[in-house]
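# Examining the three-dimensional arrangement
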Amino acid sequence: MLLNLETIPPFYKNYVKQVDESDLLQALRISGHRMQELVHAIPVTKADFAYAEGKWTIRELLCHIMDAERIFCYRALRFARNDKTPLPGFEENDYAPQANASGRSLQKIASEMTHLRASTIDLFESFTPDMLVRKGSASGNEISVVAIGFIISGHETHHRKILQERYLTAKA
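Let me sum up the structure you'll find in this document.

What counts and how
Residues numbered from 1 in each chain as written. Predicted model: local features only at pLDDT ≥ 70, side-chain atom pairs only at ≥ 80, totals over all residues. Heavy atoms only, no water. Helix = DSSP H or I, 4+ residues; strand = E, 2+ residues; numbered from the N terminus. Buried < 20%, exposed > 50% of the residue type's maximum accessible area, 1.4 Å probe, protein only. Contact = heavy atoms within 4.5 Å. Areas by Shrake-Rupley, 256 points an atom, 1.4 Å probe, with all protein chains shown as cover. Lys, Arg positive; Asp, Glu negative; His and termini not counted. Charge placed at Lys NZ, Arg CZ, Asp CG, Glu CD. Pairing = 2+ DSSP bridges. 1 Å grid on protein atoms, 1.4 Å probe; cavity = no way out; pocket = protein on both sides within 12 Å on 5 of 7 lines; lining within 4 Å. Points joined across faces, edges and corners; volume = space filled by probe spheres on them. Nonpolar A, V, L, I, M, F, W, Y, C, P; charged D, E, K, R; others polar.

### Thoughts on the overall build of the protein
In terms of helices and strands, the protein carries 7 helices and 2 strands. Along the protein, helices and strands appear, N-terminal first, in the series α-α-α-α-α-α-β-β-α. Taking the principal axes of its C-alpha atoms as reference, the protein extends roughly 50 × 30 × 25 Å. Within the span of the protein, comprising 172 residues, buried residues form 49% of the whole. Residue pairs in contact within the protein that sit at least 24 positions apart in sequence constitute 78% of those at least 6 positions apart. Element-wise, carbon and sulfur atoms account for 51% of the exposed surface of the protein, whose accessible area totals about 8900 Å². Counting 21 positive and 21 negative side-chain charges, the protein places the averaged centre of each group 1 Å from the other.

Laid out in structure tokens, this is it:
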């Protein structure tokens with residue numbers, strides 16, 4: 001299913017632009033695979049590294065990616081089921097300190113990410129074409145189910161690039 005960028009709320013356009021694939025399920029598979037390759041290459045000694053004061057550690061960033069994916073999937077499920085209740089936003093900076101990131105190993109986080117992405121793909125595979133074009137309101141923006149799927153892939157891609165460019169090239 002092709003996605004019209006004009007229908008994406010401005011805040012999310014940068015994420016969706018980072019997705020090269022036009023097939024949603026393929027986009028989710030590829031971004032998940034690329035993230036797994038990167039996470040498995042992160043040295044354990046860098047798990048608690050933050051590239052600047054006030055920035056999340058690598059583990060916190062990975063937990064943020066999972067938190068966001070879960071929230072996006074919840075939104076997609078509600079909208080696919082034709083629930084018209086407007087959904088609130090979430091404050092990622094409030095979630096991060098509560099994620100118990102430092103209590104989880106990189107290996108455990110990688111495993112959790114694998115399971116989460118498999119569940120996300122299962123969810124989106126279950127949606128009919130009619131469900132994928134349904135829309136709802138989240139964070140004050142109208143958005144379609146299919147757009148949410150591309151946002152999940154693009155959000156992960158965005159953070160994978162940040163991990164590569166700012167975390168893993170910097171000296172710990």
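### Here's the deal with the pairing of strand S2 (residues 141-144)
Note: strand S1 (residues 135-138) against S2, 4 bridges, orientation antiparallel. The residue bridging lysine 135 from the neighbouring strand is serine 144, located in S2.

### Some details on the environment of glycine 32
Structurally, glycine 32 can be placed in helix H2 (residues 24-41). Judged by relative accessible area, glycine 32 falls into the buried class, the value being 11%. Expressed as a C-alpha distance, the spacing of glycine 32 and leucine 116, which sit 84 residues apart in the sequence, is 9.6 Å. Ignoring any residue separated from it by four or fewer positions in sequence, one finds glycine 32 in contact with Arg117 and Glu156.

### What about empty space enclosed by the protein?
Counted under the stated rule, the structure contains 1 cavity of 30 Å³ or more. Around the largest cavity, the lining residues are Tyr12, Phe72, Arg75, Ala138, Asn141, Ile143, Ile148 and Ile151. Its residues assigned to classes, the lining of the largest cavity shows 6 nonpolar, 1 polar and 1 charged.

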